[in-house]
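Next come the chains, spelled out residue by residue.
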Amino acid sequence: TKIMTAYVVYKLERQGRLSFNDKFTVSRYAHKRGGSTMFLREGEKVSVKNLLIGLMILSGNDAAITLAENISGSEANFAGLMNEAARSLGMTNTRFKNPSGWPAEGHYSTARDLALLSAALIQEFPQQYKMFSRRDFKWGGVAQANRNPILGNIQGADGLKTGHTNAGGYGFAGSAMAGDRRIIMVVNGLNSKSARRSESRRIMDWAQRTFSTYALLRDNQVVEHA
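Residues numbered from 1 in each chain as written. Predicted model: local features only at pLDDT ≥ 70, side-chain atom pairs only at ≥ 80, totals over all residues. Heavy atoms only, no water.

Chemist: Looking at this model, I keep getting lost on the overall build of the protein chain. Mind explaining?
Modeler: Helices and strands together make up the secondary structure of the protein chain, namely eight helices and seven strands. On C-alpha atoms alone, the protein chain measures out to a radius of gyration of 19 Å, which is about the 17 Å that the 2.2 N^0.38 rule sets for 226 residues. Expressed as lengths along the three principal axes of its C-alpha atoms, the size of the protein chain is roughly 70 × 40 × 35 Å. Out of the 226 residues belonging to the protein chain, those deemed buried represent 46%. Look at the contacts in the protein chain between residues 6 or more apart in sequence, and 54% of them connect residues 24 or more apart. Total accessible area on the protein chain is roughly 11900 Å²; 47% of this is exposed by carbon and sulfur atoms. (Helix = DSSP H or I, 4+ residues; strand = E, 2+ residues; numbered from the N terminus. Rg over C-alpha atoms; globule rule 2.2 N^0.38 Å. Buried < 20%, exposed > 50% of the residue type's maximum accessible area, 1.4 Å probe, protein only. Contact = heavy atoms within 4.5 Å. Areas by Shrake-Rupley, 256 points an atom, 1.4 Å probe, with all protein chains shown as cover.)

In structure tokens:
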């Protein structure tokens, strides 16, 4: 969910509808949301850039809500932008109800759709994507590490995002470069952080070792005459 929240904000910035330097005000609701947090204070004014870092590196629910409320007035209105973006990307089995991934009736996605979203974000916003490889971030006097289980453990790993709900278990959409080839993986339904960590590393390592890219034909090459 937070990958899509970031994707929407990146698109709005590219369209000139906001700046990464804009300051957004934290509401009481955002401050009190709970779960994974950036430790934002009620009434605090925070730049869009720092909110995005808090969203992606710290998985801050408070950051997600602050972005949504200041951009669209409410979580529900912002979810409308998220669903528009999902349709445009061909995410046919996804529906967003909020920007944080907080459990809600009718809020769902699939591994395939999350892979589509991850690929789109990396391809369309390569400069912003560099943020995902940041190892840690400090806000509100609290330093927190990036939750990405393959970052620093798999060669070429540079994103994306972990997630967890009681219904869905522990999940991760991850990406890494293997030479000039990018691999994107999505896992979900794992029963612990340690399982997510070991399984994510195992799958990405397997993908890097097992597959290679080969040039079979050249441009305009005649394959055969019939």
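Here the narrative resumes.
Chemist: I'm lost on the pattern of salt bridges in this one. Help?
Modeler: When their charged atoms lie close together, side chains carrying opposite charge are able to pair. Across all of its chains, the model carries six salt bridges by this definition. In this structure, Arg 112 and Asp 113 form a salt bridge, with 2.9 Å as the shortest nitrogen-oxygen distance. For Arg 112, a relative accessible area of 49% translates into the label partly exposed. We classify Asp 113 as buried; its relative accessible area is 0%. Close ionic contact of Arg 202 with Glu 199 constitutes a salt bridge, the shortest N to O distance being 2.7 Å. You can see Arg 202 and its partner Glu 199 sitting in helix H8 (residues 193-210), three residues apart, about one turn around the helix. (Salt bridge = Lys/Arg side-chain N within 4 Å of Asp/Glu carboxyl O.)

Chemist: In this structure, what is going on with the nonpolar core? I would like to understand it.
Modeler: Note on soluble globular proteins: their nonpolar side chains tend to be buried together. Among the nonpolar cores identified, the biggest contains 48 residues, and Met 4, Tyr 7, Tyr 10, Met 38 and Leu 52 are the most heavily contacted of them. Mapped onto this core, the elements with two or more residues apiece are helix H1 (2-14), helix H3 (48-56), helix H4 (61-72), helix H5 (75-88), helix H6 (111-124) and strand S3 (136-139). Residues Ala 157, Tyr 170, Met 185 and Ala 195 belong to the second largest nonpolar core, which totals 13 residues. (Core = buried A, V, L, I, M, F, W, Y, C linked by side-chain atoms within 4.5 Å.)

Chemist: Explain the sheet that holds strand S5 (residues 157-165) to me, please; I cannot follow it from the model alone.
Modeler: Consider a sheet: its strands pair through backbone hydrogen bonds, and that pairing is either parallel or antiparallel. Pairing within the open sheet is antiparallel, and its three strands lie in the order S5-S6-S7. The two strands at the open ends of the sheet, each matched to only one other strand, are S5 and strand S7 (181-190). Taking each pair of neighbouring strands and ignoring which way they run, the sheet shows an average axis angle of 10 degrees. Relative to S7, strand S6 (residues 169-178) runs antiparallel, the two sharing eight bridges. (Pairing = 2+ DSSP bridges. Axes fitted to C-alpha atoms, helices over the stretch in contact; angles between N-to-C directions.)

Chemist: Quick question: what am I supposed to make of the packing of H1 against H4 here?
Modeler: Helix-helix packing is characterised by the crossing angle of the two axes and by the distance between the axes. Direction vectors running N to C along H1 and H4 enclose 40 degrees, while the axes themselves pass 11 Å from each other. The element H1 and its partner H4 pack so that their crossing is left-handed. Contacts between H1 and H4 pair Lys 2, Thr 5, Val 9 and Leu 12 from the former with Asn 61, Leu 67 and Ile 71 from the latter. The class makeup of the residues in the contact of H1 with H4 is four nonpolar, two polar and one charged. (Left-handed = near helix turned anticlockwise from the far one by under 90°. Nonpolar A, V, L, I, M, F, W, Y, C, P; charged D, E, K, R; others polar.)

Everything listed here is a matter of geometry and, on its own, says nothing about what the molecule does.
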